[in-house]
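So you can see what is in the structure, the chains are spelled out below.
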Amino acid sequence: MALYNGITLPNAPDLENVRRLDLMVLPTINRMSRYGIAIDPDYLAELGSQFALEMADLQRDIASYIPAHALERFSASAAQIEEAEGSATINASSAEQIRTLLFDLLAVGRDQKLKTTGAGKTSTGRKNLDLCRDDHPVVPLVLQYRERAKLKSAFCDALPGKARLHPRAECCPVCELSHVEHTFRLHTEFPTTRAITGRLSSRNPNLQQIPIRTDLGSRIRAAFVASPGTKLVSVDFSGMEMRDLAHLANAESLLKLFRVGFDPHVNTAMKTFGIDDPAKVDKYLHRLPSKRTNFGIQNGTTEKGLHAQLVGDYWQAGITPPDWLTQEWCKGFIVSWHTVYPEVQPYFNTRYYLARRYGFVWDPWGRCRYIPQVYSSLPYKVHEGLREAQNFAVTASNAEQTKLAMAECEEIFTDLLDAGVWVFPLLSVHDQIIAEVEDDWATQVGEQMVHVFEHVMDDRDTRERLWRCPIRSDCEILDRWKAKD
DNA sequence: CAGCACGGCGCG
DNA sequence: ACCGCGCCGTGCTG
């Protein structure tokens, strides 16, 4: 019984097995790192100056809410005063100054229990601000400023400086056919033994954190471009963490959904809200909380955490959080969730037992994670360890599967390259692989990669499926990353 | 001026 | 008191 290249599923600690798996991806990530991915620096610069203008306006509007008697308590940096044409008196990037304005001067969130920072002061993080977004008109302004500041500094400003200029002959043979003279490419490092879960990491720059979740953010992603004459082929596992949970917990309630291809989040919504027709499930009102609960529960969330998350989600979707969305409601929702998927809690309990019994847990491939906190005398440390134990096998399995898929896709890439077709791996983002493929071959390579992904858990000898849950993957063919053509 | 801790936030 | 990462600006210190 073996997967690709002799990797096995011992379901017991097996460091030799995961060592071989970790080594298998080295040729691919080495090639990804050396070859790099092309960006459009002019586009990023243009986006960055747009953000700068909006930030200056927002900062001025925020400053206008400072009570006159408190003006001397603030000071914006010289550069920011200049950008705001001399009228700014607050540095909106300073959490300290925002905290003073919101909580000391404007009494925002006075009637709520808000999260505090390590130093015991009220946090100005997004979760807290979403909870008191209605208290004062300055709160949404701060959030809008924050979004732009993050996107500008971490991406528009930082990425172009890390790109290297490549003459076209160096980057790809297909470029010879193009009028484009050169490309700017980012050469990310992918450390393989950094993340405890067995995931790859990414740094200098981190390309696993390129925005996508907001409208503004996905405009950054569009700065990543296919080389001339090629397409970006992006293949990812579809809903894989839920599928892995279904297998690991042997949860028939989940497995039967995946076998017939029924969206588990829609199912959760129908069962917990008492809706009888899938068409009546609202994408935001019902499906979103169900989806969040699915992921939150996997990570050991509390009703308080889930509540803050959902309030933020609703604001983000442009919906004022409904009155019934309370911590109490979230508590009941979590209970309902476990009623709908009754095999999950017993699975978690087994993970807790293993962590306490052995001091470590492992995934089906044999990767181990030590959980020393379970022996702590501090209850919150124990709980911290139990959450890690609960989450580990799901995240780790996901990582092993992606690495198996990557190693097998490498055969597709190198075989075609030998045959004179331009195919090159660019990135891996946790549950997806992105490659650059000569125009005419993009669709076919995408289909081959999808096949690799969906059969990654098949026995190589008997073709028997070694995972209880069917595996599905999606493929996108793009000219720019996440900007459908 | 460089280095550091912190608060905050981007992604899966 | 939601898991796993890496990186930004601020504010302080040597």
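Only a predicted model underlies this, so the values are computations on that prediction, with no experimental measurement involved.

### Structural notes on the overall build of chain A
1) Next: In terms of regular secondary structure, chain A is built from 18 helices and 10 strands.
2) Next: In summary, chain A has a C-alpha radius of gyration of 25 Å against a globular reference of 23 Å for 485 residues, a match within 12%.
3) Next: Dimensions of chain A, computed from the C-alpha atoms along their principal axes, are close to 75 × 60 × 50 Å.
4) Next: The burial tally for chain A puts 53% of its 485 residues in the buried class.
5) Next: In chain A, the proportion of contacts linking residues at least 24 apart, taken out of those at least 6 apart, comes to 65%.
6) Next: For chain A, the accessible area works out to roughly 22,600 Å², and carbon and sulfur atoms hold 50% of it.

### Quick word on the packing of aromatic side chains
1) Next: Following the criterion strictly, the structure yields 17 aromatic pairs and no others.
2) Next: Taking 5.9 Å as the distance between ring centres and 50° as the angle between the ring planes, the aromatic pair formed by Tyr 347 and Phe 348 counts as tilted. With respect to burial, Tyr 347 and Phe 348 carry one shared label: buried.
3) Next: By the ring-pair criterion, three or more aromatic residues cluster together here, those being Phe 273, Trp 324, Trp 329 and Phe 333.

### Some details on the layout of surface pockets
Rolled over the atoms, a probe as big as a water molecule pinpoints where empty space is left.
1) Next: Approximately 730 Å³ is the volume found for the second largest pocket.
2) Next: In terms of lining, the second largest pocket is formed by 32 residues, of which the most central are Leu 131, Lys 304, His 307, Ala 308 and Gln 309.
3) Next: Looking at the lining of the second largest pocket, the elements that each hand over two or more residues are α6 (126–131), α13 (283–298) and α14 (303–316).
4) Next: At eight residues, α14 tops the list of elements feeding residues into the lining of the second largest pocket.

### Some points on the sheet that holds strand β8 (residues 423–428)
1) Next: Spatially, four strands are ordered β8-β9-β5-β10 in an open sheet, and the strand pairing comes out antiparallel. Looking at the sheet topology across the chains shown, the edges are occupied by β8 and β10 (473–478). Going across the sheet, the axis of each strand differs from the next one's by a mean of 20°, ignoring polarity.
2) Next: The pairing of strand β5 (residues 230–237) with strand β9 (residues 432–438) spans seven bridges and is classified as antiparallel. Residue pairing across strands places Leu 232 opposite Glu 436, the latter belonging to β9.
3) Next: Contacting β5, β8 and β9, helix α17 (residues 379–418) runs over the sheet at an angle of about 160° to β8.
4) Next: Sheet contacts for helix α18 (residues 442–454): β5, β8, β9 and β10; angle to β5, the most-contacted strand, approximately 15°.

### Here we look at the pairing of β8
1) Next: With respect to burial, β8 is a largely interior element, six of its six residues being buried.
2) Next: Here β8 hands over to β9 after three residues, with His 430 in that stretch at a positive phi of 70°.

### Considering the nonpolar core
1) Next: Within the largest apolar cluster, 111 residues are counted, with the highest numbers of intra-cluster contacts made by Ile 220, Phe 224, Leu 254, Trp 365, Leu 404, Met 449 and Trp 481.
2) Next: Per element, the largest residue contribution to this core is 15 residues, and it comes from α17.
3) Next: Excluding anything up to four places from it in sequence, Ile 220 contacts Leu 44, Leu 47, Phe 51, Leu 151, Phe 155, Cys 156, Ile 210 and Pro 211.
4) Next: Counting residues in each nonpolar core, the second largest holds 26 residues, with Ile 66, Leu 105, Leu 143 and Ala 149 among its members.

### Comments concerning the environment of Trp 329
1) Next: Its location among the elements puts Trp 329 in helix α15 (residues 327–340).
2) Next: Of the residues examined, Trp 329 reaches a relative accessible area of 21% and is grouped as partly exposed.
3) Next: Separated by 22 residues in the primary sequence, Trp 329 and His 307 have C-alpha atoms spaced 8.5 Å apart.
4) Next: Not counting residues within four places of it along the chain, the set of residues in contact with Trp 329 comprises Phe 273, Pro 289, Leu 310 and Trp 324.

### Topic: the protein's contact with DNA strand B
1) Next: Near DNA strand B, the surroundings consist of 23 residues, among which Ser 123, Thr 124, Arg 126, Ile 212 and Arg 213 are the closest.
2) Next: When the atoms of DNA strand B within 4 Å of the protein are sorted by group, sugar and phosphate make up 74%.
3) Next: Taking Ile 212, its main chain carries an N or O atom lying 2.6 Å from a phosphate oxygen of DNA strand B.
4) Next: Counting residues per element, the ones that place at least two in the surface near DNA strand B are α5 (95–105) and α7 (138–162).
5) Next: The residue makeup of the surface near DNA strand B, split by class, is six nonpolar, nine polar and eight charged.

### Things to note about the packing of α17 against α18
1) Next: Put simply, α17 and α18 touch, their axes get as near as 9 Å, and they point 150° apart. Comparing the axis directions of α17 and α18 gives the class roughly antiparallel. The way α17 lies across α18 gives a crossing that is right-handed. Of α18, the residues touching α17 (which contributes Ala 405, Glu 408, Cys 409, Ile 412, Phe 413 and Leu 416) are Val 445, Gln 448, Met 449, Val 452 and Phe 453.
2) Next: Of the residues contributing to the contact of α17 with α18, the split by class is nine nonpolar, one polar and one charged.

What counts and what doesn't
The residue numbering used here restarts from 1 in each chain and proceeds along that chain's sequence as written. For naming, the first written chain is A and the first written ligand is 1, with later ones following in the order written. Local features in this predicted model are restricted to residues of pLDDT 70 or higher, and side-chain atom pairs are both shown and tallied only at a pLDDT of 80 or more, whereas totals for entire chains, interfaces and linings draw on every residue. Side-chain measures were taken over the full set of non-hydrogen atoms in the model, leaving aside hydrogen atoms and water. Counting from the N terminus, the helices are the DSSP runs of H or I reaching at least four residues and the strands are the DSSP runs of E reaching at least two. For the radius of gyration, the atoms used are the C-alpha atoms, and the globule rule reads 2.2 Å times the number of residues raised to 0.38. Between buried and exposed lies partly exposed: a residue is buried under 20% and exposed over 50% of the maximum accessible area for its type, with that area taken using a 1.4 Å probe on protein chains only. Working rule for contacts: check all heavy atoms of both residues, and any pair within 4.5 Å makes them a contact. Areas reported as accessible are Shrake-Rupley estimates using a 1.4 Å probe. Residue values count occlusion only from the protein chains shown. We call Phe, Tyr and Trp rings a pair once their centres come within 6.5 Å, taking the six-membered ring for Trp, and we label the pair stacked below 30 degrees between planes, edge-to-face above 60, and tilted otherwise. Cavities and pockets are defined on a 1 Å grid built over the protein atoms alone: a cavity is a set of grid points where a 1.4 Å probe fits but cannot escape, while a pocket is an open set with protein on both sides within 12 Å along at least five of seven lines, and lining residues are those with an atom within 4 Å of any such point. Grid points are joined across faces, edges and corners, and a volume is the space filled by probe spheres set on the points. DSSP bridges decide pairing: two strands pair if at least two such bridges lie between them. Here an angle of 0 to 180 degrees is reported between the N-to-C directions of two axes, which are lines fitted to C-alpha atoms, with helices fitted over the stretch in contact. Among the buried residues, those of types Ala, Val, Leu, Ile, Met, Phe, Trp, Tyr and Cys that are joined through side-chain atoms within 4.5 Å form a nonpolar core. To be near a molecule or strand, a residue needs just one of its heavy atoms within 4 Å of it. Here a polar contact is recorded for every N or O atom pair within 3.5 Å, except that within protein the pair must consist of a potential hydrogen donor and a potential acceptor, and residues adjacent in sequence are included only if both atoms are side-chain atoms. Just so you know the grouping, Ala, Val, Leu, Ile, Met, Phe, Trp, Tyr, Cys and Pro go in nonpolar, Asp, Glu, Lys and Arg go in charged, and all remaining residues, Gly too, go in polar. Here the word oblique covers every angle except those under 35 degrees (roughly parallel), over 145 (roughly antiparallel) and from 65 to 115 (roughly perpendicular). Rotating anticlockwise by less than a right angle from the far helix to the near helix defines a left-handed crossing, while the corresponding clockwise rotation defines a right-handed one.

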